[in-house]
Amino acid sequence: MKKYWLIIKNTWSETLTYRLNFVMWRIRVVVQFLTIYFLWLAVLPPNTNFGPYDQKLILTYILGAWFVGAIVFSTRTADIGEAINSGDVSNTLIKPVNFFLYWFSRDLGDKAMNIMFSVVEITLVFLILEPSVFIQTQITFFALAILSIILAVIIYFFISTILGFLGFWTPETWAPRFILFILVGFIAGEIFPLDILPSGVMKFLQFSPFTYLIYFPVKVYLGQLSYPQILGGLTIALAWTILFYLFTKLVWRFGLRFYAAQGR
Amino acid sequence: MIVKRYLKIWLLLTIKASQIAFSSRLGTSLFLFGKLLRFLLFLGFILLIAVKTKAIAGYSLWQVVLFFATFNLIDNVTQFFLREVYRFRAYVVSGDFDYILTKPWSPLAKSLFGGSDILDLPMVLLSVVLIFISIIKLEYITPSGIILYLLLIICSEIIALSFHIAVLAIGILTTEVDNTIMLYRDLTSMGRFPVDIYREPISWIITFVIPVGIMMTYPAKALMGLLSQTSLIIAVSISFTFLFLSFKFWRFSLTHYTSASS
C-alpha cells in the first residue's frame, strides 16, 4: 500500500507545482457557485417556500452540493483518454501497480487538495455572506451522508474511467466528457435539488446513477429522507457501483485488445 | 481594400477551421449535441423556477427568458468569431507565434480571428429565435427599444473583444491562457440571469469593474425600456474605454515578448 500512498503524495505535489492553474480553477468554481447561490437567494426570499425548501434549506443544499461536488468530481481520470491516445498508458502497464488503484490514488491526491481549498472557500463564504444554514445535529444522518459520498466517489470514478477508455477506439474522448459535465450539472443535483422537478421526472431519476452523486448525499445530510428511503437509496447506489465496476473491467479487457501503444 | 483583404483571409481560415472540425464527424456531432442540451436544460431550469415563483427578482417569465437568450446570443457570437484565442497558448509555448509575427498582416487580427467556430452558429440562430419569441410575448417592445438593443449588443461585443485581447496579452506575458479565458467565461455566465439578482457589492463589481452587467443585462433592459439614458452613456463609454485599454495592454505585452520557446 506504500506505493499508492506515494502516488497520492506525488499527485498532491504535482498540483502544487502548477499552483496558478489550480488557483484559477478554484476561482472558477467559486464564481460558478456564487452565480447559483445568488440566483437561489433571489428566487427564495425569507419566509417563502419552493417545494420542500425554504431559504435556509436551499442555501444549505447549494453549499452542501458545492462541497460534495468538490469531493466527488475532482478526478485525474479525465487524463486516461489522452494517456491511451499518446501511448503513455504503457508506462503504467509495465509498472508493478494495479492500473485502477494507480488512477484511484491519483484521484485521492487531487480530492485532498480540492477538499482543502473548498473548506477555505466555504469558510470565507460564511464570513462574508453570512448565510443562514441548517446544521445537522444527528450523528446517524451525518454518518450515512459520508457513506453515500464514498459510494458517489466510486461511481464517478468508474463513469469517468469508462469515458477515458473510449480512447482505445477513438481520439474523441473530450466530446463525451463535455456531455457528461452538462448532464452532471443538471441531473446530479449540482445546481438545484432534484425534488423540485415534476414527480414523474423525479421517480425516473431516482434510478439514475447521477442522482447518487450529489443530490442523495446532500438530502441525507439535510435529514429530509426517512431511514427506509436512505436504505433504498444506498442499495441503488451500491448496485450502480457494482454494475459500473463490472462494466469498467469488461471495457478495460476489450480495450487492451485494441491497444497498440501508438505514439510510443 | 485592407478590410476586403482581411475578410478574405478570415473566410479562408474559417473554411480551414471548419474542415478540421468536420474531420471528426462523431466529435462534432457530440459537441453540437452537448451545446444544444446545455441550452435546453438551462431554459427548462429557468422555466421551472419562473413558473413556480411567478417572478425572479421582479422579472416575469418572458423577461427572464429574454435575458437568457440575449446572454446566449452575445456569448455564442463572441465564441464564433474569437475561437482562435482558445488556441493561442499553443502558439506562444511552441514558438509558432514568431511565425505569426513575421506574416504581412496584424498578429492581433490573426490571434483573434484566425478561424471561426462553425459549431457556434446553430446556437446563435437558436438564440435569435428565442429572442424573437420573447419579443412577441412581451408585446410592449418599441422600435426605439430594438435600436438601443442592437447598439448595446455591439457595445457588448466590443467589451468581449477587449477581454479577449487582454487574455492574449496575459498569454504573451505568462503563457497562461486556458484558465484565464475560462474564468472570463464563468464571469460572463453570471449574466445568464439579470445582474439585479446579485447583492451589493457584487452587483456593482460585475456592472462596472468586470462589466458583465453592461454586456449581458443592459441590452435586454434597453429593449424592455428599463434602462436610463445615463446607463446608456456609461455603457458606450465603458466599452470604448475597455477597447482602448486592451489595445494598450496588447502593445505592452508585445514589447515583453521574449520568443523564448523558439
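Residues numbered from 1 in each chain as written. Chains lettered and ligands numbered in written order. Predicted model: local features only at pLDDT ≥ 70, side-chain atom pairs only at ≥ 80, totals over all residues. Heavy atoms only, no water.

1. Here we look at the confidence of the model for chain B
Right, so step 1: Summary statistics for chain B give a mean pLDDT of 90 and a share of 99% for residues scoring 70 or more.
Right, so step 2: Ranking the elements of chain B by mean pLDDT puts helix H10 (residues 202–209) of chain B last with 81 and helix H12 (residues 229–255) of chain B first with 95. (pLDDT = per-residue confidence, 0-100. Helix = DSSP H or I, 4+ residues; strand = E, 2+ residues; numbered from the N terminus.)

2. Comments concerning the environment of Lys 52 of chain B
Right, so step 1: Along the chain, Lys 52 of chain B turns up in helix H2 (residues 25–53).
Right, so step 2: For Lys 52 of chain B, a relative accessible area of 44% puts it in the partly exposed group.
Right, so step 3: A sequence separation of 145 residues divides Lys 52 of chain B from Ile 197 of chain B, and the C-alpha atoms of the two residues are 17 Å apart.
Right, so step 4: The contact partners of Lys 52 of chain B, leaving out residues within four places of it in the chain, are Phe 50 and Ile 196 of chain A. (Buried < 20%, exposed > 50% of the residue type's maximum accessible area, 1.4 Å probe, protein only. Contact = heavy atoms within 4.5 Å.)

3. A word on the environment of Pro 193 of chain A
All names here are of chain A.
Right, so step 1: Tracing the backbone shows Pro 193 in the loop between helix H8 (174–187) and helix H9 (199–205).
Right, so step 2: With relative accessibility at 0%, the residue Pro 193 sits in the buried group.
Right, so step 3: Remark: the alpha-carbon pair of Pro 193 and Tyr 53, spanning 140 residues in sequence, is separated by 9.3 Å.
Right, so step 4: When sequence neighbours within four positions are dropped, the list of residues in contact with Pro 193 reads Trp 40, Tyr 53, Ile 58, Tyr 61 and Tyr 215.

4. Some points on the interface of chain A and chain B
Right, so step 1: Contact residues are listed per partner, giving 32 residues for chain A and 32 residues for chain B.
Right, so step 2: Taking the shortest distance from any N to any O, the salt bridge between Arg 28 of chain A and Asp 186 of chain B comes out at 2.4 Å.
Right, so step 3: For the interface between chain A and chain B, the tally reads four residue pairs in polar contact (both at pLDDT 80 or more).
Right, so step 4: Those elements giving two or more residues to the side of chain A that touches chain B turn out to be helix H2 (19–43) and H8 of chain A.
Right, so step 5: The biggest single contributor to the side of chain A that touches chain B is H2 of chain A, with 16 residues.
Right, so step 6: Tallied by class, residues from the side of chain A that touches chain B come to 27 nonpolar, three polar and two charged. (Salt bridge = Lys/Arg side-chain N within 4 Å of Asp/Glu carboxyl O. Polar contact = N/O pair within 3.5 Å; in protein donor to acceptor, adjacent residues only side chain to side chain. Nonpolar A, V, L, I, M, F, W, Y, C, P; charged D, E, K, R; others polar.)

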